[in-house]
Amino acid sequence: MWLRVFRKSTGKSYLCPRKQAISMYEYIKGKIAELTPTYAVLEAGGIGYLLQISLQTYTALSSVTEATLYVHHIIREDAQIFFGFSQQKERELFRLLLSVSGIGANTARIMLSSYGVEDMVQIIATGNVGALKSVKGIGAKTAERAIVDLKNKVLNVAAVSESSAPGIFAEVTENIDEAVSALSILGYPKSACEKVVKAICRENPSLTAEAIIRQALTQL
């Protein structure tokens, strides 16, 4: 199924597969109305939002009464589910884990409850199959697949800055996606484009998509 998505940076809309559609929810900020080790209810604008959380986020929320949770929104035929994260990099790692065949949302949450973000990045980056296999629901094949698929990608998660205002990282991610897409259309290998574009953005995250593309063309 296809959805029409509006891209703010260009003022244009385009069609994309549902699974690639950008969520309209970036973060929710509000009072913590209820908190358990598996979910939190944030009250914002008179609405109580139920968000599934990891133990890492639960620990971060235990000593506060208000919070900002970065959102991953899953739409299914029979439900809409919010996952909330106290850190942007935890959400980004969650999304990377979801990209691995055999890892669903609940398994990804268990993985992030079993290990912190930095630990999980280290486990995957060093190819520690044994540590991944110790997580409930992760077998040897899935662990090996996660390492192969994410070994080079997880290092970018560790570089995510949590000092940015909400929404800034989303804008950088949008520029990265747009630049990689444009370079791929021009005929450059996607893997090479992603590597170069992300390196450029780490050095200067304020660059526009156009500036990123121009600079990447000199390095590809």
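As shown above, the structure is provided for reference.
Residues numbered from 1 in each chain as written. Predicted model: local features only at pLDDT ≥ 70, side-chain atom pairs only at ≥ 80, totals over all residues. Heavy atoms only, no water.

S.K.: Lay out the environment of Ile123 in plain terms, naming residues and giving numbers.
M.R.: Looking at where Ile123 falls in the secondary structure, it is placed in helix H4 (residues 117-125). According to the relative accessible area criterion, Ile123 is buried, its value standing at 7%. Contact partners of Ile123, with chain neighbours within four places excluded, come to Tyr115, Asn128, Ala131 and Leu132. (Helix = DSSP H or I, 4+ residues; strand = E, 2+ residues; numbered from the N terminus. Buried < 20%, exposed > 50% of the residue type's maximum accessible area, 1.4 Å probe, protein only. Contact = heavy atoms within 4.5 Å.)

S.K.: An account of the pattern of salt bridges is requested, with residue identities and associated values reported.
M.R.: Enumeration over the complete set of coordinates arrives at five salt bridges. Its salt-bridge partner being Arg95, residue Glu92 comes within 3.6 Å of it at the nearest N-O pair. Taken together, the positions of Glu92 and Arg95, both in helix H2 (residues 88-98) and three residues apart, correspond to about one turn of that helix. In this structure Glu92 comes out as buried when scored by relative accessible area, which is 14%. Since its relative accessible area comes to 28%, Arg95 is described here as partly exposed. Residues Arg214 and Glu210 are paired through a salt bridge, measuring 3.0 Å at the closest nitrogen-oxygen approach. With Arg214 and Glu210 both in helix H10 (residues 209-217), this residue pair falls four residues apart, about one helical turn. (Salt bridge = Lys/Arg side-chain N within 4 Å of Asp/Glu carboxyl O.)

S.K.: Just give me the short version of the packing of aromatic side chains, but keep the residues and values in it.
M.R.: One pass over the full model with this rule turns up five aromatic pairs. Judged by centre distance (6.2 Å) and plane angle (75 degrees), the rings of Tyr49 and Phe82 are edge-to-face. Remark: Phe82 occurs in strand S7 (residues 80-85) and Tyr49 occurs in strand S5 (residues 47-52); sequence separation between them is 33 residues. Residue classification places Phe82 among the buried positions, given a relative accessible area of 14%. Ring geometry for Phe85 versus Phe94: centroids 4.9 Å apart, planes at 50 degrees, classification tilted. Classification of Phe94 by relative accessible area gives buried; the value is 0%. Members of the aromatic cluster, joined through ring pairs, are Tyr25, Tyr49 and Phe82. (Phe/Tyr/Trp six-rings, centres within 6.5 Å; stacked < 30°, edge-to-face > 60°.)

S.K.: How would you explain the pairing of strand S4 (residues 39-44) if you had to name every residue and give the values?
M.R.: Note: strand S3 (residues 27-35) against S4, four bridges, orientation antiparallel. By the bridge assignment, Lys31 is partnered in S4 with Glu43. A loop of three residues connects S3 with S4, the two strands running antiparallel in sequence. Inspection of the sheet shows S4 paired to S5 by six bridges, in the antiparallel sense. Of the residues in S5, the one forming a bridge with Leu42 is Tyr49. Connecting the antiparallel pair S4 and S5 is a turn made up of two residues, with Gly45 showing a positive phi of about 60 degrees. (Pairing = 2+ DSSP bridges.)

S.K.: Can you explain the sheet that holds S5? Please cite residues and give values.
M.R.: Reading around the barrel, the five strands line up as S3-S4-S5-S7-S6 and close back on themselves, with mixed pairing between neighbours. Adjacent strand axes in the sheet meet at a mean angle of 55 degrees, parallel and antiparallel pairs treated alike. (Axes fitted to C-alpha atoms, helices over the stretch in contact; angles between N-to-C directions.)

S.K.: Residues and numbers for the packing of H2 against helix H3 (residues 105-114), please.
M.R.: Here H2 crosses H3 at 130 degrees, and the two axes come no closer than 9 Å. If you check the angle between H2 and H3, you find them oblique. H2 and H3 meet at a crossing whose hand is right-handed. In this structure, H2 uses Glu90, Leu93, Phe94, Leu97 and Leu98 to contact H3, whose residues at the interface are Ala105, Ala108, Arg109, Met111 and Leu112. (Parallel < 35°, antiparallel > 145°, perpendicular 65-115°, else oblique. Left-handed = near helix turned anticlockwise from the far one by under 90°.)

S.K.: Run through the nonpolar core, naming residues and quoting values.
M.R.: Most often, soluble globular proteins have nonpolar side chains that are buried together. Of all hydrophobic cores here, the largest spans 29 residues; its most connected members are Leu93, Leu97, Ile103, Met111 and Leu132. Elements with a minimum of two residues in this core: S7, H2, H3, H4, helix H5 (129-133), helix H6 (140-150) and helix H7 (154-158). No other element matches the five residues that H4 contributes to this core. Excluding residues that lie within four positions of it along the chain, Leu132 makes contacts with Met111, Met120, Ile123, Ile124, Ile138, Ala143, Ala146 and Ile147. Counting residues in hydrophobic clusters, the runner-up holds 13 residues, among them Val180, Cys193, Val197 and Ile200. (Core = buried A, V, L, I, M, F, W, Y, C linked by side-chain atoms within 4.5 Å.)

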